[in-house]
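Take a look at the letters that make up each chain.
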Amino acid sequence: MTVTFEVRDGVGTIQLDRPPMNALDVAIQDRLRELAEEATRREDVRAVILYGGEKVFAAGADIKEMQAMDHTAMVLRSKGLQDAFTAVARIPKPVVAAVTGYALGGGCELALCADFRIAADNAKLGQPEILLGLIPGAGGTQRLARLIGPSRAKDLIFTGRMVRAEEALTLGLVDRVVPAAEVYDQAHTWAAQLAKGPALALRAAKESIDAGLETDIDTGLTIERNWFSGLFATEDRERGMRSFVEEGPGKATFR
């Protein structure tokens, strides 16, 4: 199996398992889509970790496989590639990427699909497709620019250079840098904390932010308003407010 999926304490871990570099071939891409859809459906999965193992997140696409493709083959494949990553980005639950070693090309694009990125102090990230005479094709030109801004994204994409963890933190490409041995544990701690939260409110927050970023402010406010008012129909909202009034903030237990 090139990608595994395990659930513990409400946290589902999607782990790439194609040594030595977790090259993202077509089989892995399709499996990522399947597991993202499974994580979306399963009620026992309340948060998700993307992980490549202790040594490497993913060093990019399978170049040998891509080299064998002509224009027609890539026209037919490119939407499947993007659909796989979009399925991960649209998991309606908190998603954290635990990044160790290299996260390049498609590996970096996969990390961009997460809501939060925790990187090892030895991590290296980048979009080196330009060095192959290509551009990112799994969402990199879009998600990277939205995350760190267009000029910074253009610097990384135009040059194809790799950035180390500390520069990635400065750029906003990752959100936390920790010792390599602590990456997965810290990601699990982050995810497990949110797995105990109100699932529908977390979904509403994620979809409001993500959808709002794709539109104008007035439409974004409408999206927010509809989700906000809709949450008044949930049991979690009743529990949260009752607990706040009776016990003080931060003590509610959600179902």
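Just above sits the structure.
Residues numbered from 1 in each chain as written. Predicted model: local features only at pLDDT ≥ 70, side-chain atom pairs only at ≥ 80, totals over all residues. Heavy atoms only, no water.

Draft legend 1. Structural detail: the layout of surface pockets. The space that makes up the largest pocket amounts to roughly 1,000 Å³. Looking at the largest pocket, it is lined by 37 residues, and the ones nearest its centre are Ala 89, Leu 112, Arg 143, Asp 210 and Glu 214. Elements with a minimum of two residues in the lining of the largest pocket: helix H3 (71–89), helix H5 (140–148), helix H8 (183–195) and helix H9 (199–213). Here the second largest pocket defines a volume of roughly 630 Å³. Surrounding the second largest pocket, 31 residues form its lining, Ala 61, Met 66, Glu 129, Leu 134 and Gly 137 being those nearest its centre. Secondary-structure elements contributing two or more residues to the lining of the second largest pocket are helix H1 (26–41), helix H2 (63–67), H3 and helix H4 (106–112). Of the residues forming the lining of the second largest pocket, the biggest block, six residues, is contributed by H3. Of the residues contributing to the lining of the second largest pocket, the split by class is 20 nonpolar, seven polar and four charged. (1 Å grid on protein atoms, 1.4 Å probe; cavity = no way out; pocket = protein on both sides within 12 Å on 5 of 7 lines; lining within 4 Å. Points joined across faces, edges and corners; volume = space filled by probe spheres on them. Helix = DSSP H or I, 4+ residues; strand = E, 2+ residues; numbered from the N terminus. Nonpolar A, V, L, I, M, F, W, Y, C, P; charged D, E, K, R; others polar.)

Draft legend 2. The arrangement of the sheet that holds strand E2 (residues 11–16) in detail. The sheet built from six strands is open, its strands ordered E1-E2-E3-E4-E6-E9 with mixed pairing. The outermost strands of the open sheet, each flanked by one partner alone, are strand E1 (3–8) and strand E9 (176–178). Sheet twist, expressed as the average angle between the axes of neighbouring strands with direction ignored, equals 20°. Pairing of E1 with E2 involves six bridges; the strand directions are antiparallel. Within E2, the position partnered with Arg 8 by the bridge is Val 11. (Pairing = 2+ DSSP bridges. Axes fitted to C-alpha atoms, helices over the stretch in contact; angles between N-to-C directions.)

Draft legend 3. Structural detail: the nonpolar core. In this structure, Leu 50, Phe 57, Val 99, Leu 125 and Leu 173 are the most contacted members of the largest nonpolar core, which totals 47 residues. Residues Tyr 51, Phe 116, Ala 120 and Tyr 184 belong to the second largest nonpolar core, which totals 17 residues. (Core = buried A, V, L, I, M, F, W, Y, C linked by side-chain atoms within 4.5 Å. Buried < 20%, exposed > 50% of the residue type's maximum accessible area, 1.4 Å probe, protein only.)

Draft legend 4. Inspection of the sheet that holds strand E8 (residues 162–164) at higher detail. Pairing is mixed in the open sheet, where three strands are placed in the order E5-E7-E8. Of all strands in the sheet, those bounded by a partner on one side alone are strand E5 (102–104) and E8. In this sheet, neighbouring strand axes are inclined to one another by 20° on average, regardless of whether the strands run parallel or antiparallel. Inspection of the sheet shows strand E7 (residues 124–126) paired to E8 by three bridges, in the antiparallel sense. By the bridge assignment for E8, Gly 126 is matched with Met 162.

Draft legend 5. Layout of a nonpolar patch on the surface. On the surface, Met 21, Tyr 102 and Met 162 cluster together into a nonpolar patch covering about 250 Å² of accessible area. Summarising the element assignment, Tyr 102 is placed in strand E5. For Tyr 102, a relative accessible area of 32% puts it in the partly exposed group. (Patch = residues over 30% accessible without salt bridge, like charges linked within 9 Å, V, L, I, M, F, W, Y side chains within 5 Å. Areas by Shrake-Rupley, 256 points an atom, 1.4 Å probe, with all protein chains shown as cover. Salt bridge = Lys/Arg side-chain N within 4 Å of Asp/Glu carboxyl O.)

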